[in-house]
Amino acid sequence: MLEIKDLYAGIDGKEILKGLTLHVGAGEVHAIMGPNGSGKSTLANVLAGRPKYVPTSGSVTYEGKDLLALPAEERAREGVFLAMQYPVEIPGVNNIYFLKAALNAVRKHQGQEELDAMEFLQLAREKMKLVELDEAFMNRSVNEGFSGGEKKRNEIFQMAVLDPKLAILDETDSGLDIDALRIVAEGVNALRSEKHAVLVITHYQRLLKYLVPDFVHVLADGRIVKSGGKELAEELEQKGYEWIEEELVAAR
Amino acid sequence: MSTVLDDRFTLAPVHIDGEPERVRRIREQAAERFNVLGWPTTRSEDWKYTSLASLTSIDWKIDQRQPEGNDPASPFGDQPVAELMFVNGTLHANRSALANEHPGIRVMPIGEAMETESFTQHFSRYADYEKHAMTALNTAMWQDGAYIEIAPGTVVEGFIHLLYVGGGNAEHPIASHHRNLIVAGRGSQITVVESFFGKGTYFTNTVTEIVAGDGAVVDHYKFENESLDAFHIGTVQIHQERASNVTSRTIATGGGLVRNEINAALTGEGASLSMEGLFVLSGKQHVDNHTVIDHVAPHCDSVELFKGILDENARGIFDGRIIVEPDAVKTNSRQTNKNLLLSETAVIDSKPSLEIHNDDVKCNHGSTIGQLDEEALFYLRARGIGAEEARNLLVYAFASEIVERMKVDAVRENAGRALFSRMPKRLPERRSESR
Ligand SMILES: Nc1ncnc2c1ncn2[C@@H]1O[C@H](COP(=O)(O)OP(=O)(O)O)[C@@H](O)[C@H]1O
Ligand SMILES: [Mg+2]
C-alpha cells in the first residue's frame with residue numbers, strides 16, 4: 001500500500017529525513033518509535049503533504065501513485081489521514097460543517113454519493129459514541145477550547161468518520177490518561193481490516209498494549225535503524241533509546 | 001436636474017414642498033457652513049487617510065424624477081414590517097410598504113413628518129453640520145429619506161427596511177443625499193436595516209440620526225453594498241438616553257470610495273452600546289471607517305469591534321475614538337479592530353484611540369493585523385477540503401463572529417449570503433504547494 005524509498009526531506013533547508021525506507025502493506029499496523037527530534041513528525045507531515053515539509057529526494061508510492069506529487073487535499077481524498085500531534089484550533093469553523101464538507105469531498109473523489117445532512121448526522125453520532133465525545137462538541141468550532149485529550153479524541157473521531165485507507169497517528173497518545181488511551185486504541189482497532197493500514201507514531205510503548213502492532217520500527221536521526229515485531233517495543237520501553245544509539249555508533 | 005455646486009463653489013440649499021421655516025433655516029445655515037468648510041481634505045486629522053479628489057472633480061447632479069417601474073427587488077421579500085425604497089434619493093412609492101396597520105409604529109417619508117413634535121424636537125440636533133462638511137452638505141441638500149417613530153413601550157417584532165438604490169454613469173453622475181430620523185420612544189424596541197446598492201457611477205451621501213429614549217432597545221444595521229464605481233459617504237449619528245441599549249452593525253462590502261462614520265453619544269446613565277463593523281474589500285476599494293463613541297454619562301458600557309478582510313489592492317481604514325468625559329465615571333469600554341490581509345498589496349490603517357478625562361473607568365483597546373493561518377489552512381486541506389474552499393472557509397470564519405450575532409434570522413442569512421458571494425476568489429499570492 002505504502003512504499004517509502006530512500007526518502008530525504010527537510011524543513012527550512014534543514015535536512016531531517018535522511019534516507020528513510022519503509023514498506024507498509026494493506027491490513028498491517030506499523031508502530032514507529034524514536035527519541036524526540038528523530039524526525040517522526042517530519043515523516044508524518046511529509047506523507048500528509050504539509051507545505052513546510054519539503055521532500056528533496058527518494059520516493060513515496062501509495063497504491064501505485066506518486067504520493068509526493070499530490071497536493072494535501074488530494075492525498076486525503078485518496079484515503080490518507082494524519083491524526084496530528086498538535087491539532088490546530090479554528091475559531092469560526094463549525095466542527096460538524098467542516099467534517100461533513102471533508103467527508104463529502106472524499107466521497108465525491110472516490111465516486112461515492114455525497115451524504116445529506118441527516119445521513120451525515122447519523123454517521124457522526126455513531127462514531128462519536130465510539131470515541132465517547134459529547135455531541136455538544138460537534139456544534140463548536142473546530143478544536144476551539146478543547147482540552148488536549150478532547151483534541152486527540154476529535155482526531156480519532158474524524159478518522160472514524162472519514163474511514164481512511166492509510167491512517168497515520170502522530171503521537172495521538174501523548175498526554176492522554178489511561179481511559180482516553182483506551183478510547184483512542186479502540187477507535188483505531190475498529191478501523192483495522194485487510195483493507196486498512198495504520199502507522200502509529202509514538203514515543204512510548206503504552207498505547208501499543210491496547211493497539212498491538214504487527215511491526216515496530218525505530219526511527220533515529222532521520223532513518224529507520226531497527227525493525228522488529230511487537231517485542232521490540234517492550235525492549236525499547238525497558239532499555240530506552242540509548243542502546244540503539246550505542247549500537248549505531250558501534251556499527252560505524 | 002440641478003447642479004450640486006455652482007462654479008463659484010457655493011452651495012445653494014435644496015428646499016422641498018411644505019418645508020417649515022425651521023427646516024429652511026437649518027438648510028441655509030448648513031449650506032453656509034459647507035461653503036466655509038469646503039470639501040474635507042487630507043490635511044485634516046479626521047480625513048487624513050481619505051482623499052476626496054476623485055469625488056470632487058465630478059460635476060454631480062441631483063435627480064428629481066419620480067422613480068417608477070418595479071425594479072429592483074428587495075433582498076428581503078415581504079419579510080420587513082415596513083420598507084421604504086429610495087431610488088437616486090427619491091422615494092419609490094410603488095415599491096414601498098408602510099406599516100400603517102401596526103399601532104405605535106410610524107414609518108413615512110421624512111418630508112411628511114416635518115410638522116410632528118418629535119421631528120421638531122430631534123431633527124438635526126445630533127448630526128453636527130457645524131464641524132462636519134459632509135453632514136453640512138447633506139443637511140443643505142437632502143430631498144428625501146425615512147422618518148421612523150416608535151411610540152413608548154412599543155415592541156416591534158421583526159424589522160423595518162430602508163433600501164437605497166443608486167445609478168448613474170459618466171454623463172449623468174447622480175448624487176443622492178438621504179436624510180433619516182429614527183426616534184425610539186421610552187422602553188420601545190426596534191430593528192432598522194438600511195441597505196445600499198446600485199449600478200454604475202453615483203454618489204450617496206447619507207445621514208441617519210437615531211434617538212434611543214430611556215430604556216429603548218435599538219438594533220441598527222447598515223449594509224453598504226454599493227457598486228464598485230460608486231462613492232458612498234455616510235454618517236450614522238446615535239443619541240442614547242438613560243439605560244438605552246443600542247447595537248450598531250456596519251457591513252461594508254461594496255463601493256469604490258467609502259466613508260462610514262458611526263458616532264454615538266451615551267448621554268444617559270446606564271446606557272450601553274455595541275458597535276460592530278465588518279468590511280470585506282478587494283480590487284481597488286477604499287473604505288474608511290471612522291467612529292466616535294462619546295461617554296458623557298456615568299455607568300455606561302460600550303463594546304466596539306471592527307473586522308476587516310482585505311484582498312488585492314484594497315485599502316481599509318479603522319479610525320476609532322472613544323472619549324470618556326469628566327462626568328462619565330464607571331465607564332466600561334472596549335475597542336477592538338482585527339484585520340485579515342489576504343494579499344501583500346492590500347493596506348490597512350488601524351488607529352484605535354482612547355481619550356479619557358476621569359480616573360474611574362475601565363477601558364482598553366487594541367488592534368491586530370494578520371494573514372490567514374497556514375496551520376489552519378493545512379488542517380482543512382489534510383481532511384480533503386480543497387485549497388480554495390479551505391481559504392474561503394477561514395475567511396468566512398473570521399467574519400462569522402460578526403455575522404453570527406445578528407439576531408434577526410432574515411438579516412443574518414442575508415448577510416451570510418452577501419459575504420459568501422463577495423468572498424475573494426483569488427488564491428493567496430504566496431501559495432505554497434507541495435511539489
Ligand atoms: N518548524 C521547524 N523548523 C526547523 N526545524 C524544525 C521544525 N520543526 C521541527 N524541527 C526540527 O526537526 C527535527 C525533527 O523534528 P520532528 O520531526 O518534529 O521530530 P519528532 O516528531 O521525532 O520529535 C528536530 O530536530 C526539530 O528540532
Ligand atoms: Mg513529533
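Residues numbered from 1 in each chain as written. Chains lettered and ligands numbered in written order. Predicted model: local features only at pLDDT ≥ 70, side-chain atom pairs only at ≥ 80, totals over all residues. Heavy atoms only, no water.

Asker: For this particular structure, what's the right way to read the overall build of chain B?
Answerer: A tally of regular secondary structure across chain B gives seven helices and 21 strands. Relative to the globule expectation of 22 Å for 435 residues, the C-alpha radius of gyration of chain B, 21 Å, shows essentially globular dimensions. Across its three principal directions, the C-alpha atoms of chain B cover 75 × 55 × 45 Å. Within chain B, the fraction of its 435 residues that count as buried is 59%. (Helix = DSSP H or I, 4+ residues; strand = E, 2+ residues; numbered from the N terminus. Rg over C-alpha atoms; globule rule 2.2 N^0.38 Å. Buried < 20%, exposed > 50% of the residue type's maximum accessible area, 1.4 Å probe, protein only.)

Asker: Quick question: what am I supposed to make of the overall build of chain A here?
Answerer: Of regular secondary structure, chain A possesses nine helices and 12 strands. Against the 2.2 N^0.38 benchmark of 18 Å for 252 residues, chain A shows a C-alpha radius of gyration of 18 Å, consistent with a compact globule. Projecting the C-alpha coordinates of chain A onto the three principal axes gives extents of approximately 60 × 40 × 35 Å. Scored against the burial criterion, the 252 residues of chain A give a buried share of 56%. Within chain A, residue pairs in contact and separated by at least 24 positions form 68% of the contacts whose partners lie at least 6 positions apart. Accessible surface computed for chain A: about 10,800 Å², of which carbon and sulfur atoms make up 48%. (Contact = heavy atoms within 4.5 Å. Areas by Shrake-Rupley, 256 points an atom, 1.4 Å probe, with all protein chains shown as cover.)

Asker: What's the story with the site of ligand 1 in this structure? I'm lost.
Answerer: Residue and element names in this part refer to chain A. The environment of ligand 1 is formed by Ile11, Asp12, Lys14, Ile16, Pro35, Asn36, Gly37, Ser38, Gly39, Lys40, Ser41 and Thr42. Contacts to ligand 1 include glycine 37, whose backbone N or O atom sits 2.8 Å from an oxygen atom. Threonine 42 places a polar side-chain atom, nitrogen or oxygen, 2.5 Å from an oxygen atom of ligand 1. Protein contact buries 67% of the 560 Å² of open area that ligand 1 shows by itself. If you list the elements that add at least two residues to the shell around ligand 1, you get strand E2 (14-24) and helix H1 (40-48). When residues of the shell around ligand 1 are assigned to their parent elements, the largest contribution, three residues, is made by H1. The class makeup of the residues in the shell around ligand 1 is three nonpolar, six polar and three charged. (Near = heavy atom within 4 Å. Polar contact = N/O pair within 3.5 Å; in protein donor to acceptor, adjacent residues only side chain to side chain. Nonpolar A, V, L, I, M, F, W, Y, C, P; charged D, E, K, R; others polar.)

Asker: Before we go on, may I ask you to explain the interface of chain B and chain A in this structure?
Answerer: Interface size is commonly expressed as the accessible area that is lost once the parts come together. The interface of chain B with chain A comprises 22 residues on the first partner and 40 residues on the second. One can count four salt bridges joining chain B with chain A. Here glutamate 375 of chain B ties to lysine 52 of chain A by a salt bridge, and the two come within 3.9 Å at their closest N and O atoms. Linking chain B with chain A are 10 residue pairs in polar contact (both at pLDDT 80 or more). Of all the secondary-structure elements, those providing two or more residues to the side of chain B that touches chain A are helix H5 (374-381) and helix H6 (387-403) of chain B. A breakdown of the residues in the side of chain B that touches chain A according to their chemical character gives 10 nonpolar, five polar and seven charged. (Salt bridge = Lys/Arg side-chain N within 4 Å of Asp/Glu carboxyl O.)

Asker: Sorry, what's going on with the pairing of strand E8 (residues 174-184) of chain B here?
Answerer: Regular strands place their side chains on alternate faces of the sheet. Residue and element names in this part refer to chain B. Here E8 lies mainly inside the structure; 11 of its 11 residues are buried. Burial along E8 is two-sided: the face carrying Ile174, Ser176, His178, Asn180, Ile182 and Ala184 and the face carrying Ala175, His177, Arg179, Leu181 and Val183 are both buried. Here strand E6 (residues 146-150) pairs with E8 via four bridges, running parallel. When the bridges of E8 are listed, isoleucine 148 appears paired with isoleucine 182. Judged from the 11 bridges that link them, E8 and strand E10 (residues 202-212) form a sheet pairing that is parallel. Note on E10: the bridge partner recorded for leucine 181 is glutamate 209. (Pairing = 2+ DSSP bridges.)

Asker: Would you mind showing me how to read the coordination of the magnesium ion (ligand 2) here?
Answerer: Metal coordination angles in their ideal form are 109.5 degrees for the four-donor tetrahedron and 90 or 180 degrees for the six-donor octahedron. Residues and elements named next belong to chain A. Distances from the magnesium ion (ligand 2) to its protein donors, namely Ser41 (OG) and Gln85 (OE1), fall within the range 2.0 to 2.3 Å. Taken together, the residues serine 41 in helix H1 and glutamine 85 in the loop between strand E6 (80-83) and strand E7 (90-94) connect sequence positions 44 residues apart. Glutamine 85 matches serine 41 in its accessibility class, with the two residues each being buried. (Donors = N, O, S within 2.8 Å, 3.2 Å for Na, K, Ca; no water.)

Asker: Looking at this model, I keep getting lost on helix H3 (residues 95-109) of chain A. Mind explaining?
Answerer: One full turn of an α-helix is made of 3.6 residues, so residues set three or four places apart face in the same direction. All names here are of chain A. In this model, H3 (15 residues) spans 21 Å end to end at C-alpha, consistent with the 21 Å of a helix rising 1.5 Å per residue. Among the residues of H3, Asn95, Ile96, Phe98, Leu99, Ala101, Ala102, Leu103, Asn104, Ala105 and Val106 are the ones counted as buried. With a side-chain oxygen positioned 3.0 Å from the backbone nitrogen of isoleucine 96, the residue opening H3 is asparagine 94. Immediately beyond the C-terminal end of H3, within one or two residues, lies glycine 111, with a positive phi of roughly 75°. (Expected span 1.5 Å × (residues − 1).)

Asker: I keep staring at the domain arrangement of chain B and nothing clicks. Help me out?
Answerer: Residue and element names in this part refer to chain B. Taken domain by domain, chain B comprises domain 1 (2-268) and domain 2 (374-435). Between domain 1 and domain 2, the C-alpha centre-to-centre distance is 32 Å. Counting from both sides, the interface comprises 16 residues of domain 1 and, opposite them, 11 residues of domain 2. Carbon and sulfur atoms supply 66% of the area that domain 1 and domain 2 bury against each other, a total of about 1,100 Å² over both sides. If you look at where domain 1 meets domain 2, you find one salt bridge. Where domain 1 packs against domain 2, one counts two residue pairs in polar contact (both at pLDDT 80 or more). Of all the secondary-structure elements, those providing two or more residues to the side of domain 1 that touches domain 2 are strand E9 (189-200), strand E11 (217-225) and strand E13 (245-252). (Domains from an automatic or database assignment. Buried area = accessible area lost by both parts, 1.4 Å probe.)

Asker: What is the right way to read the packing of aromatic side chains from this model?
Answerer: Two aromatic rings, taken as a pair, are described by how far apart their centres are and by the angle between their planes. With the rule as written, the count across this model stands at 12 aromatic pairs over all chains. Ring centres of phenylalanine 98 of chain A and tyrosine 379 of chain B lie 5.9 Å apart, and the angle between their planes is 35°; this geometry places the pair in the tilted category. Here tyrosine 379 of chain B lies in helix H5 and phenylalanine 98 of chain A lies in helix H3, a pairing that spans two chains. The pair phenylalanine 98 of chain A / tyrosine 379 of chain B is uniform in exposure class, with both members buried. With centroids separated by 5.6 Å and ring planes inclined at 80°, the aromatic side chains of tryptophan 60 of chain B and phenylalanine 231 of chain B adopt a geometry described as edge-to-face. (Phe/Tyr/Trp six-rings, centres within 6.5 Å; stacked < 30°, edge-to-face > 60°.)

Asker: Honestly, the sheet that holds E2 of chain A in this entry has me stumped. Any pointers?
Answerer: Pairing between the strands of a sheet is mediated by backbone hydrogen bonds and can be parallel or antiparallel. All names here are of chain A. Across the sheet, which stays open at both edges, the four strands sit in the order E2-E1-E4-E5 with antiparallel pairing between neighbours. Because the sheet does not close on itself, it has two edges, and the strands there are E2 and strand E5 (65-66). The sheet contact formed by strand E1 (residues 2-11) and strand E4 (residues 53-62) spans eight bridges and is antiparallel. From the neighbouring strand, isoleucine 11 faces E4, where its bridge partner is tyrosine 53. Packing of H1 onto the sheet brings it into contact with E1, E2 and E4, and relative to E1 it is tilted by some 110°. (Axes fitted to C-alpha atoms, helices over the stretch in contact; angles between N-to-C directions.)

Asker: It is not clear to me how the confidence of the model for chain B should be interpreted in this structure. Could you clarify?
Answerer: It should be kept in mind that the predicted coordinates are not to be read in detail where pLDDT is low. Residue and element names in this part refer to chain B. Overall, the prediction assigns chain B a mean pLDDT of 91, with 94% of residues at 70 or greater. In this model, residues 426-435 is a region of pLDDT below 50 whose contacts with residues beyond four sequence positions or in other chains number 28 contacts. This prediction of the complex comes with two scores: 0.88 for pTM and 0.96 for ipTM. (pLDDT = per-residue confidence, 0-100.)

Asker: Can you walk me through unusual backbone geometry in this structure?
Answerer: Excluding glycine, most residues fall at negative phi; most peptide bonds, likewise, are trans. With phi around 45°, glutamate 63 of chain A is a residue other than glycine that occupies positive phi space. Mapped onto the elements, glutamate 63 of chain A comes out in the loop between E4 and E5. In this structure, asparagine 88 of chain B takes a positive phi of about 45° despite not being glycine. Relative to the helices and strands, asparagine 88 of chain B resides in the loop between strand E3 (82-87) and strand E4 (90-91). Judged by its relative accessible area of 9%, asparagine 88 of chain B is buried.

Asker: Explanation requested: the pairing of strand E18 (residues 315-324) of chain B in the structure shown.
Answerer: Residues and elements named next belong to chain B. E18 sits mainly inside the fold: eight of its 10 residues count as buried. Across 10 bridges, the pairing between E18 and strand E20 (residues 347-356) is parallel. Within the sheet, the bridge partner assigned to glycine 316 lies in E20 and is isoleucine 348.

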